[in-house]
Structure formats: structure tokens, C-alpha cells
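The primary structure of each chain is shown beneath.
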Amino acid sequence: MKNGHGVPRPVGGPIMTPVMKLCLALAGITTLLLIYRFLVGLGPVTNMTDGHPWGLWIAFDVVTGTALACGGYAVALLIYVFNKGKYHPLIRSAILTSALGYTLGAIGVIIDLGRPWWTWKLPIFFWTWNLDSVQLEVALCIMLYTAVLWIEMAPVFMERWEQEDDKPRLQEFSRKWTPILMKAMPWLIALGIVLPTMHQSSLGSMILLAGPKLHPLWLTPWLPFFFLVSCIAMGYGMVVLETMWSRTVYSRYRETSVLSALSRAMVVVLLTWVGVRLFDVIASGKSAYLFNLDRFSILFWLEVLLFLAPAIILMLKPTRTDRDRGRLFMASGMMVTAGMLHRFTAYWFAYNPGDHWNLYFPSMFEIFVTVGLIAAEVAAFMYIIKKFPILTGRPSAALPT
Amino acid sequence: MNISRRGALKVAAFGAATAAGARKAEAREKKTAPPDATGMLYDATLCIGCKACVAACRDANDLELEKSSTLYDDPVDLSANTCNIIKLYDGGGDGEAQVSFVKQQCMHCIDPACAAACMMGSFQKRQNGIVTWKPERCIGCRYCQVACPFNIPKFEWDSPIPAMVKCQMCLAKAGTTEEGQLNEVGQPACTEVCPREAVIYGPYEELKAEALRRIAENPDRYEDHVYGLEEVGGTQVLYLTSKGVPFSKLGLPELGPEPVPALPVGLQHTIYKGFIAPIAVYGIVAGLVWRTRRKSDAAGEEVGA
Ligand code: SF4
Ligand code: SF4
Ligand code: SF4
């Protein structure tokens, strides 16, 4: 194992690639846009209104973005709870993607908040906490989890810093802290499993407070359950996609058999989602909504279909080895899309404040900011994997053909 | 499949707690108005649409005029500059036409969704059960707007230092006297100026009795329904409407007796009761992590970051 493709190494190579330049340019423009946003307020630059007070930045950057960043959670679940120790070659990149994704979500929140200057009070002024507020739990959990993710990443950075002889302070710091961190790691990893379980489900409870403004098909006590189950599928799907991406872009041959073999677990996850979803609608007497042929019933069936299709693909012909990666890729893409649609619908399409409010569609400004944030995330990811030992696997050029 | 089913089941237990929450959510205690609750009663049959209350509300709360097209103050809806509005419902048609005015402002719910949403209690039921906003606790997340079933809180979209604006029964502006009354005359601005007493202010219980008395005395004049007695668990602002003009025509949504926070808050408190489930799951997961790492240490593997 030690000398095989299980050992993470920096990718190396030039940093300033054309893609990197593009990402930095987008992120740079976004920074300027954000300065403008804080000078003029939210109204002039976004399409949000008093009727649709939450837009793309909440629905995508926060609610969907953090779920897409559940790779670290999904892999940690598989390793520790499902006792699949051998999946660790994937964990570093999964946790890095999660750390970046959650950081992006946190930045997205700050941009979206009208009065972000009071946010620092939130984790400190515990005597003001409103324990009825689902959002309070989500906010505190996400803050804590983002910190946990970066601390989980710290040994990886320190591993590299320890070798930097020309920076003695950094070296000494790393030498001192690495053993302490390694001791604390099991407790952190456990936090890294419990916290997402809490806030990913609570993201579902959170929108239930929209009450009568949320379409009955989504106003269900099972929504937190659906959010939790689907974030596992999304996280797993993202790990698959990311593994295949680094394989194509960085020619890193990374074993996908481990993921392939796991697809059966995903079949269970996906079918549970579909089963409970249908059962709940029927048991709560809402089946009439299913055949209205309005946008809600169509969205519902689209959701069910997107969760069901990858399950069927993986069930009819289970993926076992690296050879099956084409099918795994397709199924993973569907799982990710399914989870995204479910979140967009609950936070956006199925939210109706009253018919006199126009439907919300994000402004170019909002879309650009989101794109810029993603670009910044990609840039950070590319930089870190080139400089630090994240990715496992050998360059595929070295593979025997 | 070589999956540790027991471990899986344990974490699934958390999911199951979510599901159990689903059933028990109704167990959340029904809230009642505080003993010192005050409120307003608006009687659409008395209102002549003079909008004196709209102007008075502006004055009392230092709100800017809203000129949409003309020289006059003519707001079309509640906004960050309009906490109180009079709207006209015109049933149209000849003969049977029904015309009615309606006043809109915060309903001061008995179990307010906006307050359930607010993380640091910026929106809270305070003195007299009036829901008020504290600027130093608001981070501008707008969850209150998502939550309010009447779309009442309004955000200052065009300001870099936005406030959440809504009717606070003139409390914030007027302050209170020692007796706990609102201001010198003991009235919010809108009820004080109303020439027809179409909107009145008073102790909640008295207003309830008054509304029911009016219907009982004049069953031909009123719809047999006091809006706000049952809706979303009760509101401290009550409405009466003319016979033949149902409340839904006046822009007051048809809402059940269930308070909006009942489902999510009930769910949340069931799952997180005493914080036992998260701590138990944490303990179990920490054990599983420890076991996995010990095993892989023995095998000379490095697991984790
Ligand atoms: S009407 Fe809306 S803003 Fe007013 S108390 Fe009720 S929930 Fe809050
Ligand atoms: S916007 Fe302000 S008042 Fe409204 S829920 Fe958020 S913190 Fe509370
Ligand atoms: S009570 Fe005061 S703030 Fe509320 S509508 Fe009347 S005048 Fe306006």
C-alpha cells in the first residue's frame, strides 16, 4: 500500500495554467461586484423581493452547495460507520472539496445577509439564542463544521510544511502540532459525521417554516429525512465525479473499483428516498396533487424519476470494478442532479408567497457572483492539489498499457 | 455486502428520530395570548377608506411618502416605507356589486412565525404580546419574511444598512407610560385618528368579545367569522367583514388553525430533545471511528486525513 497508488502526493506542475487564469479573473471581477453590492444594498443588484426574499444565493450557494460538498461526509460515513476502511485513498480530496464547498457556502451567506456585521454575535451571544429557530442550529452547525473540515485538513498542510527547511517557524509549528492533532483526530472525525447529519437534515426542517407558502408536496415532516438521505447520494456522486475529473485532467490513475463496489449501497439509499417519498404522499392523503399536471406535479415526478433512474441503472447491472466507471459516472451525475433539483424546488420553485408576486428568477449579477465563487473554489482546489499531498494514484503515463 | 449493519443502523437511528419527530410534532403546546395582550379590531363595515390611519402611521413611524405615479402619497402595498395600508376591494358587476376596504398591517400573531424564525430573537413577542424588532439582534437573513404567512415584514432592499420594517403597534416609536400604556393617549396612531372607530385598540379579550357581540347583534351585516380568532393559532389583530365579502377577497389568506411554527419547531424539539440524540450519536460514531482506526493501525494503514 505504501508505495502503491494509495499514497497522496502533490500533483506539481505550473500553477498559472489558462484555466487558473480564467478562474482568478472571474473571482476578481466578483470581488469588485461584491464591493458594489455592499455599497448599494441588495435591491439594485438582485431580483429578490419582499415576496421572494431568498434567491439563488441561498437556494444554490448555501442549501445546494453544502450538500454538493457532502463528499467528505459520505466517504467518512462509508469508512467509519459502514466500516469500509479501504476507501481512505479518496478521503483527502473528498475532505478538501468539502472544506472548500462549505467555505463557499459560508461566504455566500455573508454576501446574502442584509446586516452581516452582527453575525459575529451569533456564536458568542448564547443567551440571545432562540432555540425555536431551525436556522440557528443550521448556522452554528455549518460554522463549526467548516472549522472542523479545515482542522481535519491541517495535518496535510503540515506534512508539507514540515519539510520546508527555509521556513523554520512554520516547520517548528507543524512539528509541534501534528502529533496533537493526530491524537484529536478520532474526535474530530466523529464530529465531522454528526454535524452534517444534523444540519443537512435541518436544512429540510428550515424551509418547513414557510408553512402555507410551501406547496403541500414539499410541506411534509419527512423533508428533513429526504434532505439527509439525498445529501449522502449527492456527496457520493460528487466524489465519483471528482475522482474521474482528476483522472482525466491530471492523468491521475485512481482506482474507482472501491466506488463501483459501493454503488450497491447507493441503490439502497436512492430506493429508500423514492419509497418513503411516495409512501408519504399517499399516506398523508396528498395523492391528488400528483396528477394536477401543474408545474408542481411535474417537478415532483421529475424528482422521483431522477432519484429512481440511477438506482435502476446500478441495480440492473451492478458496477463492480473500474471498468464500469462509465455507467457509474452517468448514475452519479443523475444522483447529483436529483438532489439539486429537490433542494431548488423546496427553496425556490415550490415556494409561492401569493399569486400577486412575480416568479423569481436570479439577476445576471446574482448568477455572476455565484459563478465567481465557484471559480474561486476551483482555483483554490487546483492550487492546493498541486502544492500539497492530496491526490492519490500515479500519473497514468506510468501505467503499464 | 460487507457493511457493518449495526453501525449503519445506529446512524440511521438519527434518521428515525427525524421520522419519529414527524408524528409527535403536533404535541407542541398550543400558545395563548399573554394576560396583558392588547390588539386591534378592524371592522370593514365601518371603514370609509379615508386613509387617515395611513398618514398617521407614516407620521408616527417617520416613514417616507410613497408616490408611485401622482403627487399624492399612494402606496400600492406594504413596503419598507408603509407599515399600514388601506386597500379597496371592488366586487364589480352591477347591482350585486360589493365594495369593501381593508386595512393591512402586522397581525401580531399569538404564535408568530417571524419570531420562531429569528435566530437571536430580534423579532420577539414583547410587552402586551406585541411583536417588535430589535436592530442590534438582526443580521438581515430575511428568514422572518420567508416564515410570515401574511408577508408582513419588509426589508429595506435599497439600503446598505437595511432594517426590517413592520407595524410594531407604535411601541417602538411611542414608548410606554408607567401603566404599560402605549403613549399619552394610550393608543397607536392609526386607531387614535380613525374618525369612524373602524379600527380600535384595546385589551385582546375585550376585543374578542366585542367582535363576537357585533356579529351576534347584526347577523345580517357581518360574515359569521372573526378573522384572527382561529387562523394560525390566533392573531392579536382581529377583522370583521361585510356579509357577502369573504376575507379571502380582502387579501386575507385562508389559513388553518395550526400555527405555522408547529411543524418545524415541533419536529426540531422532538429530534433534539435535551440534545440527547446528537450526543448519543456522537458517542457511537466516536466509538466506531476509534475501532476503525485501531484496526487499521494494526494493519499498518493510515486512515483519515
Ligand atoms: S403577521 Fe407576520 S410579522 Fe406579524 S407577528 Fe405574525 S408572523 Fe410576525
Ligand atoms: S432578518 Fe433579522 S429579524 Fe428577520 S429573521 Fe433574520 S435576523 Fe431575525
Ligand atoms: S399600530 Fe402604529 S405602526 Fe401599526 S399600523 Fe397602526 S399606526 Fe401603523
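(A) Structural context of the overall build of chain B. Helix and strand counts for chain B stand at 9 helices and 9 strands. Looking at chain B as a whole, 55% of its 305 residues are labelled buried. In chain B, once contacts between residues fewer than 6 apart in sequence are set aside, the share between residues at least 24 apart is 59%.

(B) Examining empty space enclosed by the protein more closely. Residues and elements named next belong to chain B. Summed over all chains, the structure comprises 9 cavities of 30 Å³ or more. In this model, the largest cavity occupies a volume close to 120 Å³. Lining the largest cavity are 17 residues, with Cys118, Met119, Cys138, Ile139 and Cys141 sitting closest to its centre. Here the lining of the largest cavity is composed, by residue class, of 13 nonpolar, 2 polar and 2 charged.

(C) Spotlight on the layout of surface pockets. Taken as a whole, the largest pocket encloses approximately 830 Å³ of empty space. As for the largest pocket, its lining consists of 38 residues, and the residues nearest its centre are A:Pro353, A:Gly354, A:His356, B:Asn151 and B:Pro253. Looking at the lining of the largest pocket, the elements with two or more residues in it are strand E2 (85–90) and strand E3 (99–104) of chain B. Partitioning the lining of the largest pocket into residue classes produces 21 nonpolar, 9 polar and 8 charged.

(D) Layout of the interface of chain B and chain A. In this complex, chain B contributes 78 residues to the contact, which on the side of chain A involves 81 residues. Of the roughly 6,900 Å² buried at the junction of chain B and chain A (both faces included), carbon and sulfur atoms supply 64%. For the pair chain B and chain A, the number of links is 1 salt bridge. Residues B:Arg142 and A:Asp112 are paired through a salt bridge, measuring 2.8 Å at the closest nitrogen-oxygen approach. The interface formed by chain B and chain A includes 31 residue pairs in polar contact (both at pLDDT 80 or more).

(E) Quick look at the pattern of salt bridges. Residues and elements named next belong to chain B. Using the criterion set out here, one finds 11 salt bridges over all chains in the structure. As a salt-bridge pair, Glu210 and Arg214 come within 2.8 Å of each other at their nearest N and O atoms. With a gap of 4 residues between them, Glu210 and Arg214 both fall in helix H7 (residues 204–217), about one helical turn apart. Taking the relative accessible area as the measure of exposure, Arg214 reaches 14% and is therefore buried. Ionic contacts of the salt-bridge type, sharing partners, join the residues Asp43, Glu210, Arg213, Arg214 and Glu217 into one network.

Quick notes on the rules
- Residues numbered from 1 in each chain as written.
- Chains lettered and ligands numbered in written order.
- Predicted model: local features only at pLDDT ≥ 70, side-chain atom pairs only at ≥ 80, totals over all residues.
- Heavy atoms only, no water.
- Helix = DSSP H or I, 4+ residues; strand = E, 2+ residues; numbered from the N terminus.
- Buried < 20%, exposed > 50% of the residue type's maximum accessible area, 1.4 Å probe, protein only.
- Contact = heavy atoms within 4.5 Å.
- 1 Å grid on protein atoms, 1.4 Å probe; cavity = no way out; pocket = protein on both sides within 12 Å on 5 of 7 lines; lining within 4 Å.
- Points joined across faces, edges and corners; volume = space filled by probe spheres on them.
- Nonpolar A, V, L, I, M, F, W, Y, C, P; charged D, E, K, R; others polar.
- Buried area = accessible area lost by both parts, 1.4 Å probe.
- Salt bridge = Lys/Arg side-chain N within 4 Å of Asp/Glu carboxyl O.
- Polar contact = N/O pair within 3.5 Å; in protein donor to acceptor, adjacent residues only side chain to side chain.

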